[in-house]
Each structure stands twice: as C-alpha cells, then as structure tokens.
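Single-letter residue listing:
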Amino acid sequence: MDDMATLAINPRLLENLQAAETHHAAGDFGQMDDAAIMMELRTGNMAGFDFLIQKYRKPIIHFMYRMVRNQAVAEELAQEVFLRIYRSRETYRAEARFSTWLYRIATNLGVNYARDTKHERSASTIYLDEADSETGTTPDVADSTPGAESNLLRQERLNAIRQHVLDLPERQRMAVLMHKYEGMDYKQIGDVLKLSESATKSLLFRAYQTLREKLKGFI
Amino acid sequence: MICKKYQSAVLDLLLDPAAPSNAAVRAHIDSCEECSREFKSMEATFALLDVWQAPEPSPYFDQKLAVRLREEQALAPAGWFERLKSRLQFNTGRQFRPAMAGALALILLVGGGTVADFTIPSHPNTEASATVQDLQILDKNDQALQTMDQLQDDSQPDDAAAPPSS
Ligand SMILES: [Zn+2]
C-alpha cells in the first residue's frame, strides 16, 4: 500500500507507467532536441513525451493563464494542448519547430476560449478591483511594503495592466503575451501567428505604444 | 517626434541592450533627446508589465494530465508499432492499474467534483469515459491550425504591412 501511494503521488507518473521499454534514460532527453523526442514518441516512447511536458507545462500554463485569467481554466486548456500534441504525434513533421507548433495550438485554444466567453468576462471585470477572485491568489500583493493604500494601488495597477492587455486587438495581444511573458523572439512569434518577422515587429511596436499610452498613469 | 529610423529599433534595444547590432541605435539614443525620452518611457512600460505574475501550476496538474493521457492511450494506439507494443505490454499495464486507481482517488479527493466523471478503463478497448468523449468532440488539430488564419486584428495597417509568410 505504501508503494502504491508513492507511485500515485510521483509527478513522473508517465515514466512509471511506460518504463517497460524506454529507449533513453530520462537524463538523455536534455541533449536531444524537441523534434527528435517527438519522433521517439511516434514509436511509443512516452518517457520522452513526459520530458516535453515537464519542460513546457509551466510556460504553457502561464501563457494560458494570461489569456483566460483563470487558473483552473488555464490548466484545463494546457492539458488539452498536450493531449492534442499527443494525438497528432503521427502527423508531426520535424521541419516544424516543436515549440512553434505547441504555441500555435495553445494560441488557437486560448483565442477560441476567449471568443466563446467574451460576454461573461466583460461582466466579471467589474469585480477585478477586489483581490484576485479568479485564482484565489494575489501574486503581486504578496511583496514588499505593507499598508492598505499601497496594496490598493498595486491592485489597481495590476488590474489596469490586465485590462489593457486584454483590450488589445487579438493578434497584438497574442504577440505581447509571447514576446513579453514567454520571452520569444520576432521570428518565432511570426511563425506562430503566420506573419513575417517585420510585420510581427510592427505589430508589437504598436501594441507597446498603446500600452504605454494607456498605462502612463502608473509609470 | 522620435526619429522615424530608430522607432522600431527601440524595441530591439530594450530586449537586448548589449547586442553589437544595437550599438548604433544606442549611440543615437544617447545623443538624441527625443529618442532618449521615447526609449525611457518604453523601458518603463516594459518594466511595469512585469507586475503581472502568473500563479504556479497547481500540484495536481501532472496527475490529471497523466490520467487523461492514459485514457487517450487506451482509447486509440495510433500506429501498428504502438498497437503491437500495447498488446505486448498488456500484462504490464494491468499491474499498474491499482496505482492509477490510487492516483484517481487522490485527484477526486483533492479536486472535488470537477473530475468526478472519470471512469477507470478496465480493458484497453473499453468504452471511453465522458471526458474522452468530450475531448473527441473538439476539433481535430488540423482544423485548429487552420483557424489561426482567422486571427483578428482590427487595425488595418497589419494586413497591409504583412506579406503572407508561408
Ligand atoms: Zn532621435
């Protein structure tokens, strides 16, 4: 019974499940590129896929969170992203960069979700002035100086950032999320959004100009 | 007004101040008051955006995903190689089932009602759970990728400035 409990709590559950015939030890995947690991998955190597999940789950969850602004939904959608990757393993072609493909699926899911729930979300923004009711956490309030007034100001500032990023046109919004928060370069963002590098750059420039204008009261 | 030539270079400089390719921009900004002001305000906006932190993934993300993947695996091993392999591993799979039950119990305990409609497949070919069926209703991946072309941007210049890259 003890062993079972340990197994159940182990986050690398997939490895345990499919350890029977792995081609590589977990450590080896660090030296392989993502596309090669995907090729391994096509032959049934789940340990490699587990490695990819561990590598990308946090960035993808964060990306989703900033799109849908609800942690439970973000995690649900992130799981859906990985399930789609898994389901498409047979059709994956190595010439497409894995992370580009990953973010394209994530972007698509997030955008569709946002469109479907647009009405609900605009109604809920009224309550955003309160402590983050979406997540139950207040990530930005937990730091530095105490005092009700500065907390209020910080919350107000956070709400303004979220709202103005949300208000950006769809493609500008996605580009900012990938550029600012996922640390991706123009080339890769362009690949995800199917835009040229220079178009991506001007998209981002306009987005940041808008944000600077809207947020100047907080700078 | 900021010098047109350096407008978008401000972003490059923000991202990678030390890059040799940005030296000329840096030099201009240091000597041009307008551009310097532009750069500083963009820098401040950039820093302000850092305030928006995303929460850590919940501790049960991995288990939930493992369960869903396991269901997916049981449902449809894709290629002949995997089919063969899953047949060979059938006995191995069975011995892990109690562990999956344990994981499920844990998730149900912690996750409340949210994942309560899971059923444990007792055989790799049994009927899919409600969750998997829901997932199957969702678009196929190819369709998902196609809709990327429909991403909206209400500012016209985008489309004018963007030659279709393929
Ligand atoms: Zn200048």
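Please read all numbers here as calculations on a predicted model, not as lab measurements.

Let us look at the overall build of chain A. On a plain count of helices and strands, chain A comes out with 11 helices and 0 strands. Secondary structure elements of chain A occur, N-terminal to C-terminal, as α-α-α-α-α-α-α-α-α-α-α. Taken across its 219 residues, chain A has 53% of its residues classed as buried. By sequence separation, contacts in chain A at least 24 residues apart represent 61% of the contacts at least 6 residues apart.

Here the focus is the overall build of chain B. Each helix and strand counted, chain B has 9 helices and 0 strands in total. Along chain B, from the amino end to the carboxyl end, the secondary structure elements read α-α-α-α-α-α-α-α-α. Carbon and sulfur atoms form 56% of the exposed surface of chain B, whose accessible area is close to 9,400 Å².

Further remarks concern the coordination of the zinc ion. Coordination sphere of the zinc ion, protein contribution only: B:Cys3 (SG), B:His28 (NE2), B:Cys32 (SG) and B:Cys35 (SG), at 2.1 to 2.4 Å. In this structure, the zinc ion is coordinated by 4 donor atoms arranged in tetrahedral fashion, with angles at the metal of 100 to 117°.

Residue and element names in this part refer to chain A. It is the contact of helix H9 (residues 170-181) with helix H10 (residues 186-193), at a shortest axis distance of 10 Å, that shows an interaxial angle of 140°. Regarding the angle of H9 to H10, the classification is oblique. In the crossing of H9 with H10, the sense of the turn from one axis to the other is right-handed. Where H9 abuts H10, its residues Arg-171, Met-174, Ala-175, Met-178 and His-179 lie against Tyr-186, Ile-189, Val-192 and Leu-193. Of the residues in the contact of H9 with H10, the class split is 7 nonpolar, 1 polar and 1 charged.

Right, let's talk about the environment of A:Val111 for a bit. Here A:Val111 lies in helix H6 (residues 98-116). You can call A:Val111 buried: its relative accessible area is 4%. For the pair A:Val111 and A:Glu170, spaced 59 residues apart in sequence, the C-alpha separation works out to 7.9 Å. Residue contacts for A:Val111: discarding those within four places in its chain leaves A:Met67, A:Glu170, A:Met174 and B:Leu151.

All right, on to the environment of A:Leu102 then. Here A:Leu102 shows up in helix H6. Along the chain, A:Leu102 and A:Val81 lie 21 residues apart, while their C-alpha atoms are 7.3 Å from each other.

A word on the packing of aromatic side chains. Counted under the stated rule, the structure contains 9 aromatic pairs over all chains. The interplanar angle of 35° and the centroid separation of 4.9 Å between the aromatic rings of A:Tyr92 and A:Trp101 together place this pair among those described as tilted. Take A:Tyr92 and A:Trp101: they sit in the same class, and that class is buried. Here a set of aromatic residues connected by ring pairs shows up, and it is made of A:Tyr56, A:Tyr92, A:Phe98 and A:Trp101. Over the ring of B:Trp52 we find A:Arg66, and its NZ or CZ is 5.6 Å from the ring centre. Looking at A:Arg89, its charged tip hangs above the ring of A:Tyr86, at a distance of 3.9 Å from the centre.

The biggest cluster of nonpolar side chains holds 84 residues, and the ones touching the most others in it are A:Phe49 and A:Ile60. The element contributing the most residues to this core is helix H4 (residues 46-68) of chain A, with 14 residues. With residues up to four places along the chain from it excluded, the contact list for A:Phe49 reads A:Ile37, A:Leu41, A:Phe82, A:Ile85, A:Tyr86 and B:Leu69.

Once that is clear, we can look at the packing of H6(A) against H9(A). All names here are of chain A. Running from N to C, H6 and H9 point in directions that differ by 130°, and their axes come no closer than 12 Å. In this view, H6 runs oblique relative to H9, as classed from their interaxial angle. Both H6 and H9 take part in a crossing whose hand is right-handed. Facing H6, whose interface residues are Thr-107, Val-111, Ala-114 and Arg-115, H9 presents Glu-170, Arg-173, Met-174 and Met-178. A per-class count over the contact of H6 with H9 returns 4 nonpolar, 1 polar and 3 charged.

Let us look at the confidence of the model for chain A. Any segment with low pLDDT has predicted coordinates that should not be analysed in fine detail. Residue and element names in this part refer to chain A. For chain A, the average pLDDT comes to 80, and 74% of its residues sit at 70 or higher. The element-level mean pLDDT for chain A is lowest in helix H1 (residues 2-9), coming to 43, with H9 highest at 96. Low pLDDT, under 50, characterises residues 1-11; the predicted model gives this stretch 14 contacts beyond four residues in sequence or across chains.

Reading the values: the criteria
- Residues numbered from 1 in each chain as written.
- Chains lettered and ligands numbered in written order.
- Predicted model: local features only at pLDDT ≥ 70, side-chain atom pairs only at ≥ 80, totals over all residues.
- Heavy atoms only, no water.
- Helix = DSSP H or I, 4+ residues; strand = E, 2+ residues; numbered from the N terminus.
- Buried < 20%, exposed > 50% of the residue type's maximum accessible area, 1.4 Å probe, protein only.
- Contact = heavy atoms within 4.5 Å.
- Areas by Shrake-Rupley, 256 points an atom, 1.4 Å probe, with all protein chains shown as cover.
- Donors = N, O, S within 2.8 Å, 3.2 Å for Na, K, Ca; no water.
- Tetrahedral: all angles 85-135°; square planar, octahedral: opposite > 155°, others 65-115°.
- Axes fitted to C-alpha atoms, helices over the stretch in contact; angles between N-to-C directions.
- Parallel < 35°, antiparallel > 145°, perpendicular 65-115°, else oblique.
- Left-handed = near helix turned anticlockwise from the far one by under 90°.
- Nonpolar A, V, L, I, M, F, W, Y, C, P; charged D, E, K, R; others polar.
- Phe/Tyr/Trp six-rings, centres within 6.5 Å; stacked < 30°, edge-to-face > 60°.
- Lys NZ or Arg CZ within 6 Å of the ring centre and 35° of its normal.
- Core = buried A, V, L, I, M, F, W, Y, C linked by side-chain atoms within 4.5 Å.
- pLDDT = per-residue confidence, 0-100.

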